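# Fold and contact review
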Amino acid sequence: QVQLAESGGGSVQAGGSLRLSCVASGYTVAQSSMGWIRHSPGKQYEVVAAIDSAGVTTNYADSAKGRFTISKDNVKKILYLEMNNVKPEDTGMYSCARGQYYWRASLAPGDFDKWGQGTQVTVSS
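Residues numbered from 1 in each chain as written. Predicted model: local features only at pLDDT ≥ 70, side-chain atom pairs only at ≥ 80, totals over all residues. Heavy atoms only, no water.

## Describing the overall build of the protein chain
So the rule is basically this: Only DSSP runs of H or I with at least four residues qualify as helices, and only runs of E with at least two residues qualify as strands; both kinds are numbered from the N terminus onward. This radius of gyration counts C-alpha atoms alone. The globule rule is 2.2 Å times how many residues there are, raised to the power 0.38. Exposure is judged per residue with a 1.4 Å probe applied to protein chains only, and the accessible area is read against the type maximum: over 50% gives exposed, under 20% gives buried, and values in between give partly exposed. It only takes one pair of heavy atoms within 4.5 Å for two residues to be counted as in contact. Shrake-Rupley sampling with a 1.4 Å probe provides the accessible areas, and residues are treated as covered by the protein chains on show and by no other component. Under the counting rule used here, the positive set is Lys and Arg, the negative set is Asp and Glu, and His together with the chain ends is not counted. Working definition for charges: the position is that of NZ of Lys, CZ of Arg, CG of Asp or CD of Glu.
Regarding its fold elements, the protein chain presents zero helices and 11 strands. Counting from the amino terminus, helix and strand elements in the protein chain follow one another as β-β-β-β-β-β-β-β-β-β-β. In terms of overall size, the protein chain behaves like a compact globule, its C-alpha atoms giving a radius of gyration of 13 Å where 125 residues would be expected to give roughly 14 Å. With respect to the three principal axes, the spread of C-alpha positions in the protein chain is 40 × 25 × 25 Å. Counting across all 125 residues of the protein chain, residues that qualify as buried make up 42%. A separation threshold of at least 6 residues defines the contact pool for the protein chain, and within that pool the share at least 24 residues apart is 58%. Just so you have it, the protein chain exposes about 6200 Å², and 47% of that area is on carbon and sulfur atoms. The protein chain carries 12 positive and 10 negative side-chain charges, and their two centres are separated by 3 Å.

## As for the sheet that holds strand β7 (residues 68–73)
Adjacent strands of a sheet pair through backbone hydrogen bonds, lying either parallel or antiparallel. Basically, it comes down to this: Strand pairing is defined by DSSP finding a minimum of two bridges between the two strands. Axes, fitted as lines to C-alpha atoms, cover a helix only where it is in contact. Angles between the N-to-C directions of the axes lie from 0 to 180 degrees.
Reading across the sheet, the four strands line up as β1-β3-β8-β7 and stay open at both edges, with antiparallel pairing between neighbours. Looking at strand neighbours, the two that pair on one side only are β1 (3–7) and β7, the edges of this open sheet. Pairwise comparison of adjacent strand axes, ignoring direction, gives a mean angle of 15° for this sheet. As paired strands, strand β3 (residues 18–25) and strand β8 (residues 78–83) are joined by six bridges and run antiparallel to one another.

As structure tokens, this is what we get:
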């Protein structure tokens, strides 16, 4: 069965950095795009970043561009999210997710069919 296990979340001060990891199993990671979806209280789910099946093409939400980097290791079957110069508004639960396609340019939560339980990121001022 598909399993997505996130880790790396925690509390960090604004301006700091954090790296989230997601260990994927139960499917062929190299055949699916993946992404990171954030949820904060009172806000809708937002796909912060996505990456194609090969781990080459990426796309980011405006809030993440220039600060976050998504990467995918198809050998280790791990998805990463490097978060740099974090801001308080980056606070939220970050879920690793499997996409339904090799690649899709849009950042729509509905394009992901399997989500992990998430890892909490809290950024303080």
